[in-house]
Amino acid sequence: MKYTIIQTAYWSTIRKLSENFDAQTLFVWDVDGTLIYSNDVVFYPQCLVLDAKDFCTDPTKKNGVNDRQLSQNRWYHVWRSLPFTLMDPSVSETIRNLQARNICNMALTFLIVRSLEGKDFVQWRLDQLKKLGIDFSSAFGNYAEVHLEEILQEDGLEVSKEKWIYAPTYKNGVLLTHNFSKGRCLGTLLKRLNFVPERIFFVDDMEENVSSVGQLCRELGIDFVGIHYTGFDNLPYVDTWSGKMARDKWETFSKTGKWPLPPHTEGVIVE
């Protein structure tokens, strides 16, 4: 088997590489920080590494859920209400060109399946991508929706709204892992679908995710082309981030329910 990992900050490199593959290849795309990003510097991929989520700590307790989970839920609450845009103007065209050549494309995202209070993130993600010209619904034929309960069973877990536990969910070409390992979830999905491609072409902005899917390919004995995409290095306004900015925005949101966006974006009210 062939195993290749490439790092690039330029979508043009990914687009050119993609032209060299055929229908025996499964193209798997990360979403946030790879295909799209939220248009507020506090939520840029490289800024989230600095754990801006810690600025939205909620001191209250709810159903035994810990402070960290409450903080994460508040973060998702704001984040899903922000405007999103393509990481590169040609992202959707790249995917459509592959699909036109009968090459299977799907998305693999670390995203939660539901929020702590039960808001659906699966359909929200599908609708969000479609608005930006990205549609993976042609992947895997008739398999419209699959819940990977095997992942929970292997860890001795059960679905629980109170404990914020949900099975990774695949729907219309998009697999949400609910924070479980990407390689593990993709492998479980392929096993469920009884589908093993000749190779996988995977793009993600997180190096550990590329390695995770690469390890899956080693286990399956198939070729792997992994792209560690650092296009976030080229995003505008990144130099305006500061800890004070993040804290001030969280404080404003906590008091008013409104998330203050920078001048280059339209304001939104977080419902």
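Calculation rules
- Residues numbered from 1 in each chain as written.
- Predicted model: local features only at pLDDT ≥ 70, side-chain atom pairs only at ≥ 80, totals over all residues.
- Heavy atoms only, no water.
- Helix = DSSP H or I, 4+ residues; strand = E, 2+ residues; numbered from the N terminus.
- Expected span 1.5 Å × (residues − 1).
- Buried < 20%, exposed > 50% of the residue type's maximum accessible area, 1.4 Å probe, protein only.
- Polar contact = N/O pair within 3.5 Å; in protein donor to acceptor, adjacent residues only side chain to side chain.
- Axes fitted to C-alpha atoms, helices over the stretch in contact; angles between N-to-C directions.
- Parallel < 35°, antiparallel > 145°, perpendicular 65-115°, else oblique.
- Contact = heavy atoms within 4.5 Å.
- Nonpolar A, V, L, I, M, F, W, Y, C, P; charged D, E, K, R; others polar.
- pLDDT = per-residue confidence, 0-100.
- Core = buried A, V, L, I, M, F, W, Y, C linked by side-chain atoms within 4.5 Å.
- Pairing = 2+ DSSP bridges.

A.B. asks: Before we move on, can you summarise helix H7 (residues 182-193) with the specific residues and values?
C.D. replies: Spanning 12 residues, H7 covers 16 Å between terminal C-alpha atoms, matching the ideal 16 Å at 1.5 Å per step. Summarising burial for H7: 9 of the 12 residues are buried, a large majority. For H7, the complete set of buried residues consists of Lys182, Gly183, Cys185, Leu186, Gly187, Thr188, Leu189, Leu190 and Leu193. One side-chain oxygen of the residue at the start of H7 lies 3.4 Å from the amide nitrogen of Gly183, identifying that residue as Ser181. Downstream of H7 by a residue or two, Asn194 has a phi angle that is positive, lying close to 55°.

A.B. asks: Can you tell me about the packing of helix H1 (residues 11-18) against helix H4 (residues 91-100), naming the residues and giving the values?
C.D. replies: Contact geometry for H1 and H4: axes closest at 11 Å, N-to-C directions at 5°. One finds that H1 runs roughly parallel with respect to H4. Contacts from Trp11, Arg15 and Ser18 of H1 reach H4 at Val91, Thr94 and Leu98. Split by residue class, the contact of H1 with H4 holds 3 nonpolar, 2 polar and 1 charged.

A.B. asks: Describe the confidence of the model for the protein, with residues and values.
C.D. replies: Taken over all residues, the pLDDT of the protein has a mean of 90, while the share at 70 or more is 90%. Low confidence marks residues 266-271, where pLDDT is under 50. Its contacts with residues over four positions away, or in another chain, come to 17 contacts.

A.B. asks: Can you break down the nonpolar core residue by residue, with the values?
C.D. replies: Trp29, Leu35, Phe43, Trp79, Phe136 and Trp259 are the most contacted members of the largest nonpolar core, which totals 55 residues. Ranked by the residues each element gives to this core, the list is headed by helix H3 (residues 67-79), at 5 residues. Within the second largest apolar cluster, 29 residues are counted, among which are Cys104, Leu108, Cys185 and Leu193.

A.B. asks: Now, about the pairing of strand S5 (residues 104-109): what can you tell me, with residues and values included?
C.D. replies: Counting buried positions along S5 gives 6 out of 6 residues, so the element sits mostly inside the fold. The two faces of S5 match: Cys104, Met106 and Leu108 on one face and Asn105, Ala107 and Thr109 on the other face are all buried. As defined by bridge partners, strand S2 (residues 25-29) adjoins S5 across 4 bridges and the pair is classed as parallel. Directly across from Leu26, in S5, lies its bridge partner Cys104. Pairing geometry for S5 and strand S8 (residues 174-176), over 3 bridges, is parallel. Along S8, the bridge assignment pairs Ala107 with Val174.

A.B. asks: Describe the packing of H3 against helix H9 (residues 243-256), naming the residues involved and giving the relevant values.
C.D. replies: As a packed pair, H3 and H9 sit with axes 12 Å apart at the nearest point and diverge in direction by 85°. In terms of orientation, H3 lies roughly perpendicular with respect to H9. Where H3 abuts H9, its residues Arg74, Trp75, His77 and Val78 lie against Trp250, Phe253 and Ser254. Counted by class, the contact of H3 with H9 contains 4 nonpolar, 2 polar and 1 charged residues.

A.B. asks: Please set out the sheet that holds strand S7 (residues 169-171) residue by residue, giving values where relevant.
C.D. replies: Read across the open sheet, the 8 strands follow the order S1-S10-S9-S2-S5-S8-S7-S6; overall the sheet is mixed. Single-partner strands in this sheet number two, and they are strand S1 (3-8) and strand S6 (145-147). Neighbour-to-neighbour, the strand axes of this sheet turn through a mean angle of 15°, independent of strand direction. Sheet topology note: the S6/S7 ladder contains 3 bridges and is antiparallel. Residue His147 lies in a different strand from S7, and its bridge partner there is Thr169. Sitting on the sheet, H4 is in contact with S2 and S5, with an inclination near 160° to S2.

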